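Chain by chain, the residues:
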Amino acid sequence: MIKKKECVAMLLAGGQGSRLYLLTQRVAKPAVSFGSKYRIIDFTLSNCINSGIDTVGVLTQYQPLALNEYIGNGQPWDMDRTFGGVTVLPPYQGQKRADWYKGTANAIYQNLHFLDKYDPDYVVVLSGDHIYKMDYSAMVDYHKRMGAACTIAVIDVPLSEASRFGIMNTTDDFRVYEFEEKPKNPKSTKASMGVYVFSKEKLYEYLIADEADETSDKDFGKNVIPAMLAGGEKLYAYPFKGYWKDVGTIDSLWEANMDLLGDRPSLNLNNPSWRIFSRHASNPPHFLGYGATVENSLITGGCEIYGTVINSVLSGGVKVAKGAVVKDSIIMRDCVISENAQVEYSIMDSDTTVGVNAKVGESKESGNGIALIGSGLDIKAGTVIPGGVRADSAYLDELLNGKEGK
Amino acid sequence: MASVVGIIFSNIHDHNVSELTRRRTMASVPFGCRYRLIDFTLSNVVNSGITHVGVVTHYNYQSLMDHIGTGKDWDLARRSGGIKILPPYITAFANAQNSLYNTRLEAVKSMLEFVSCCTEEYVLLSDCDVVCNIDFNELINAHISSGADITMAVKRMYITPDVKNYEVVESDADGRITDVSECNGIVSGYCDVNLNIMVMRRKYLENVILDASAHGYSSFTKDVIGRNLETSDFRVYRYDSYFASINSLTDYYMCNMDLLSSSARDSLFNVKNRPIYTKIRNSSPTVYEEGSNVRNSLIADGCIIHGTVENSILFRGVKVGKNTVIKNSIIMQDTLIGENASLNCVITDKDVVIRDGRVLSGHETRPFFIDKLTVV
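Everything numeric here is computed off the predicted structure, so don't read it as measured data.

The rules we used
Residues numbered from 1 in each chain as written. Chains lettered and ligands numbered in written order. Predicted model: local features only at pLDDT ≥ 70, side-chain atom pairs only at ≥ 80, totals over all residues. Heavy atoms only, no water. Helix = DSSP H or I, 4+ residues; strand = E, 2+ residues; numbered from the N terminus. Rg over C-alpha atoms; globule rule 2.2 N^0.38 Å. Buried < 20%, exposed > 50% of the residue type's maximum accessible area, 1.4 Å probe, protein only. Contact = heavy atoms within 4.5 Å. Areas by Shrake-Rupley, 256 points an atom, 1.4 Å probe, with all protein chains shown as cover. Lys, Arg positive; Asp, Glu negative; His and termini not counted. Charge placed at Lys NZ, Arg CZ, Asp CG, Glu CD. Pairing = 2+ DSSP bridges. Right-handed = clockwise from strand over helix to strand, strands pointing away. Expected span 1.5 Å × (residues − 1).

Draft legend 1. Geometry of the overall build of chain A. Helix and strand counts for chain A stand at nine helices and 31 strands. Its C-alpha atoms give chain A a radius of gyration of 23 Å, within 12% of the compact-globule value 22 Å for 406 residues. The dimensions of chain A, computed from C-alpha atoms along their principal axes, are 65 × 50 × 45 Å. Put simply, chain A has 406 residues, and 57% of those count as buried. A separation threshold of at least 6 residues defines the contact pool for chain A, and within that pool the share at least 24 residues apart is 58%. Only carbon and sulfur atoms are counted for the fraction: they give 47% of the accessible area of chain A, which is about 16700 Å². Charge separation in chain A, taken as the distance between the mean sites of 42 positive and 49 negative side-chain charges, equals 2 Å.

Here it is as structure tokens:
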């Protein structure tokens, strides 16, 4: 017999994250490395367990292999449970039909039988591509107190940026009367964080209705929330104060990583009462040799640093050789930066080797933007890769052939 | 592959580093930034495909149980087999003198029940303080193909007269053991030193235990090996990669400092398919602040560093304040060091606080030890 759970979380992790380009070529966005030893999804999963929600369905669709393997039995997040725990929910072939998830609402609709098993009173719907620390249990309490059908977490954004978000227009007591997706002339600065709490009956009612509507895009923001507003349901905004970032673009991913640096970082990972859990590679401690200069940076296990690292975030197993300089960059797992090579203002995916004297990226001040370097590349000695490019193996081949052509 | 059960002794050399073992077992002595001594043996066991392990305890083993937990960090949380902590076996009627064991053989006696309930054909006995990365399969295969009764792992080391606590193993050209003795303070030169890792048939161990109780024997090397050299076939297996054994606080200091050399790190941590596992603490990455200056040091996750660190080992969660200089020191988990302090050749145990401006120094041959939870 399965015990009833008061609260079950559904984590939408199927997004392709096409604006992360090379980084999401082989993995889904939630599985992209972040903050030296984490993946993006660690933040949402850790928030769940820290909020006391131990039953999470993870809806996957795009490139699920790495993500599924990463989540595994949920042990790193203490979700290897006899009752509940983490369950990966891929699209499936049913008796009558086989469908990909057509939208966020449809993804949950197709897994209502998963929710049935736990008979929850409240369903928390989350996305796996945001970086933030949030106590969902406080939001569920708020939802109960307000007697809401749906509560949507909102964060105050500058009015100038409000047109990039889904904006909640509310009365003074935070009751939502209108939802506008990316409005040209925003009336409020309350941006939806993509965190919803639904009372179960209402969720079922509107998901079933939305599924029946053939004109619907099967999306929470576009369809379900407006339908609930039109139906006169009580929708409340839950104001969240704290750090929150959508890391859907190369620039925002870079910024969010940099937000971890400094004496008083905007996002503090070092908080024993709200730990961010992650699956560990058994890396030995990191080593800084003679001649190493490391300033304002994050470094983790398995790294060996003999060169200079400034304003950067290094993942496990990165080697920085003598004379090499890494500045304003994010270097992912097991990359090797050889002697006297320079990496500046770049995001480098895992397992790439930068040859001696090679120069990757340009200074932040040059204005040419972030150089994005793919995974598993072998950047030959002396190669120069300018800022703002997206370098994969085809790009390197072209660069090499171009040189020979001269 | 042969079926093997592992038995690890967790308290066997506690008296060697009494400073560190006052509150814990030898097995749970912190080592190398993020490990406890037992991690090396446990990882070796797991990496050799042995998934059933008994850990023999004696006293003070709460920290060890805390560290091991369910064993999942070593992949030893198993439905069948897995890791079992074997608490000291005392009957309600035992008198004060013989209530607890003192030697390896007595320890094994107390767990006869564990040994006889196993189904594995072979048993591997190992101490907890053997810091090395060894493939036990080679040892086990050598044991099986030689047909010996017991095979002991040894390493050739240079012994000086002031070395204590080592057992020297002499053997003939075939590797058959001819003598085992304690370092006597006279011999110097290259000798085969007993690594305290041995393998034998489980049934053979059972017989040894029963015979030893019948005769009242207590020492494994002196009584079991020493008395039967002629009649039994005991052999050596030579291991020749990095090995650290901790016989004193100075040894402890030097062995940690060994890890600053890349050859020691490579032979311990960077062996293909044989990583060293430890309890996961989910520390955040280490933060190097502006103005930090760290050279030739091994640093764990979760540290926040403002000052200067040179030739040192920093465990998880250490904080180093502005303008503080730490040299040649071992700073254990969650030590807090304020601003403008200066430390040289210091070992701080866990959760120590060093206030602003303190100046502390020991010497390489006599490192200054600060006990757990001390505030300086």
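The structure having been displayed, the exposition proceeds.
Draft legend 2. Region of interest: the pairing of strand S4 (residues 52-56) of chain B. Residues and elements named next belong to chain B. The element S4 is extensively covered by neighbouring structure, given that five of its five residues are classed as buried. Burial of S4 is two-sided: the residues His-52, Gly-54 and Val-56 facing one way and the residues Val-53 and Val-55 facing the other way are all buried. As paired strands, strand S1 (residues 4-9) and S4 are joined by four bridges and run parallel to one another. Across the sheet, residue Phe-9 finds its bridge partner in S4, namely Val-56. The pairing of S4 with strand S5 (residues 82-86) spans five bridges and is parallel. Along S5, the bridge assignment pairs His-52 with Gly-82. Crossover connection from S4 via helix H3 (residues 62-68) to parallel S5: handedness right-handed.

Draft legend 3. The arrangement of the sheet that holds strand S27 (residues 359-360) of chain A in detail. Spatially, six strands are ordered S15-S18-S21-S24-S27-S30 (chain A) in an open sheet, and the strand pairing comes out parallel. Here the strands that pair on one side only, and so sit at the sheet edges, are strand S15 (293-295) and strand S30 (384-385) of chain A.

Draft legend 4. The arrangement of helix H6 (residues 200-212) of chain A in detail. All names here are of chain A. Here H6 contains 13 residues, and its C-alpha end-to-end distance of 18 Å stays within 8% of the 18 Å for a straight helix at 1.5 Å per residue. Looking at H6, one finds that the buried residues are Lys-200, Leu-203, Tyr-204, Tyr-206, Leu-207, Asp-210 and Glu-211. Against helix H3 (104-109), helix H4 (112-118), strand S6 (122-127), strand S11 (190-199) and helix H7 (220-230) lie the buried residues of H6.

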